[in-house]
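Examining the three-dimensional arrangement
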Amino acid sequence: MIRLDKVSYQIETSAGAVQVLRDIDLELPDGSISAIVGPNGSGKSTLARLVSGLLRPTSGSVRLLPDGDNQTVADVRPGLDVGLVFQNPDNQLVATTVEDDIAFGLENLELPHAEMVRRVGDVLHLLGLEQFRDYPPHRLSGGQKQKVAIAGVLAMKPSFLILDEATSLLDPTNRREVRQTVLRLNSELGIGIVIVTHLLDEVLVASRVGVLAHGALAAWDSPRAVFSDPAVVELGGLVLPLSARASFLMRERWTDFPLCLTPEEFARATCQLN
Amino acid sequence: MSIELKNVDYIYDSGEPFEYFALRGISLHIDDGAFVGVVGRTGSGKSTLVEHLNGLLFSTRGDVIVDSDIVRNERAVLAKTRRRVGIVFQYPEDQFFAETIFEEVAFGCRNYGFSKEQVEESVHKAMNTVGLDPERFLPLSPFQLSGGEQRRVAIASVIAMGQKYIVLDEPTAGLDSGSKLAVLTELESLRQTANVTVILVSHNMDEVAEFCKEVVVLDEGTVTFQGSTDAFFRDAELVERTGLELPESYRLARALKECGSTLAVNEGSTDRMLDSLRLCVSDLGGA
């Protein structure tokens, strides 16, 4: 698991020091799916970079603990333990072919050629990108590009994958495709997933949601618990899903009507009334 | 006054071996004061289409007419067109260059020859429109803001110029839900109070259902639907075929119908749906 202990991060600006994050305590178990939400400017992307080791906390620690072993701790190694995928794949793709792009990180590790070829082949297969092996990345669709970015990160064999609003620029079809790919990586390979997002659908696949507000963790709970608390919803810059608002309306007549987060849940709950 | 497209084709690399129809036979009519959504999967021609509206691209065939002037590659026509149509691009914050937010937002106004007082007033108004406190933000550098705040500054810099047609290419991608709603609500009030026409390119069907009365649906460079947003989303099969998805209120109405619930709700905007549900609940309450 990844454990954050009292993590704070501050930056120096011309106007003085700005505290971006303060005293974040968080445990991300191996193979779990978590979401991080919060208003623009609340520190989500900074947190993603701290968890992935790209940034070092000003104080506190981000450590990797093997499962069931509380003694052996290690600092997160950037790019190796935790892979980070950004919002715009164009900012993350560097090479002239998909294959070279995926191999880029591996080359920096100075792996033997055969091992590189094997890993690139594996991730191409895993993400269904084999037919694009020799394509220039800029010729791909947004969803395919994002999958190439994910592939490049996966080739490093991280135990966690962080997606920093990785689907917000995609159309609904591509978004669904990338989301399904990520869920598959979790269920088949046991890769832990952290999704930084503003999109409700992506919050709902997480078992735990961290709500950041003004640089502090306002909540760390299940999606249902988060949406049940109006104060947290407000702090997190969230808007209640329509189904949840409809559920609250139903409670005016049926006081024990459940809080539903999707239309399908709402329909089921309503039909059980009849 | 309106925007009209008549049989517009746009061909990339026309005459070359790789020539490619980005738009094919597009005919459209956008009324003054409308709030129109432009939707369709990636690569369907949305951005190419909107770049025709203020003469960033010129049609290979067919006419683009803004307020009865045909948009042509001529200085006088372009000046007039760009004074009428403002575009907020994808990643507008990538184009920041000024030292302060005030300078950033004021830049376009100054180019149009606004007086010092007019610049001040337009900048303040535009900042309020996008929900950023002018007193706090104007002296800051645009580069020290978060991504979402930068987006709002970029929108403000277009709104400040006061054009009557505002085109926004995915303005809310990456904004938190609260800011998304705030920005669109402000655009809607700008439409109502200043009769600004808003053309919104979006992948977010919930916001399209909530704010756009009409939609233009593009698929492979052609218009597959133009008309009321409600009529489009009622055609679930067409929505699926064009690679889009149903907004939550339509999914909810459909799910209720499918499980045989006695509750019947109205699709469309959040308020419309909740009002109809409230009515159903109180009817049942009386029974």
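The structure this text deals with has already been given above.
Residues numbered from 1 in each chain as written. Chains lettered and ligands numbered in written order. Predicted model: local features only at pLDDT ≥ 70, side-chain atom pairs only at ≥ 80, totals over all residues. Heavy atoms only, no water.

Focus: the packing of aromatic side chains
Filter applied, for reference: Aromatic contacts are taken between Phe, Tyr and Trp rings whose centres are within 6.5 Å, Trp giving its six-membered ring; a plane angle under 30 degrees counts as stacked, one over 60 as edge-to-face, and the others as tilted. Only DSSP runs of H or I covering at least 4 residues are called helices, and only runs of E covering at least 2 are called strands; the numbering of each starts at the N terminus. The rule is simple: take the accessible area with a 1.4 Å probe, protein chains only, and divide by the maximum for that residue type; under 20% is buried, over 50% is exposed, in between is partly exposed. Put simply, a charge is over a ring when the Lys NZ or the Arg CZ is close to the ring centre, within 6 Å, and near the line of the ring normal, within 35 degrees.
In the structure shown here, the tally under the stated rule is 10 aromatic pairs over all chains. Summarising the aromatic geometry, the rings of Phe96(B) and Phe143(B) are spaced 6.4 Å apart at their centres and angled 85° between planes, so their arrangement reads as edge-to-face. In this pair, Phe96(B) is assigned in the loop between strand 6 (85–88) and helix 3 (101–111) and Phe143(B) in the loop between helix 5 (134–137) and helix 6 (147–159), connecting sequence segments 47 residues apart. Here Phe225(B) and Phe232(B) contribute two aromatic rings whose centre-to-centre distance is 5.4 Å and whose plane-to-plane angle is 40°, an arrangement assigned as tilted. Assessed through its relative accessible area of 18%, Phe225(B) is described here as buried. Among the aromatic side chains, those forming a connected cluster through ring pairs are Phe225(B), Phe232(B), Phe233(B) and Tyr250(B). Geometry around Trp254(A) places Arg253(A) over its ring, the cationic atom sitting 4.8 Å from the centre. Here the guanidinium or amino end of Arg24(B) rests over the ring plane of Phe21(B), the centre of that ring lying 3.9 Å away.

Considering the sheet that holds strand 4 (residues 59–64) of chain A
Hydrogen bonding along the main chain pairs the strands of a sheet, whether they run parallel or antiparallel. Residues and elements named next belong to chain A. Threshold: Two strands pair under a simple rule: DSSP has to find at least two bridges between them. Two residues qualify as a contact provided that any one of their heavy atoms is within 4.5 Å of a heavy atom in the partner residue. Here an axis means a line fitted to C-alpha atoms, over the contact stretch when the element is a helix, while the angle between two N-to-C directions is reported on a 0 to 180 degree scale.
If you trace the four strands from one edge of the open sheet to the other, you get 2-1-4-5, paired in antiparallel fashion. Whereas interior strands pair on both sides, the edge strands pair on one side only; in this sheet they are strand 2 (16–28) and strand 5 (74–75). Across two bridges, strand 4 lies against strand 5 in antiparallel orientation. Paired with leucine 64 across the two strands is alanine 74, which belongs to strand 5. Along the sheet, helix 1 (residues 44–51) contacts strand 1 (2–13), strand 2 and strand 4; its crossing angle with strand 2, the most-contacted strand, is approximately 60°.

Some details on the nonpolar core
Here is the rule we go by: The set of buried Ala, Val, Leu, Ile, Met, Phe, Trp, Tyr and Cys residues whose side-chain atoms join them within 4.5 Å is what this entry labels a nonpolar core.
In terms of nonpolar packing, the biggest core is built from 52 residues, with Met127(B), Leu187(B), Phe232(B) and Phe233(B) touching the most fellow members. In terms of residues, this core owes the most to one element, helix 6 of chain B, which gives six residues. In this structure Leu187(B) touches Phe35(B), Ile159(B), Leu168(B) and Val198(B), once residues within four positions along its chain are discounted. In terms of nonpolar packing, the next biggest core, distinct from the first, is built from 50 residues, Val85(A), Met156(A), Leu163(A) and Phe227(A) among them.

By themselves, these are just geometric observations and shouldn't be taken as functional.
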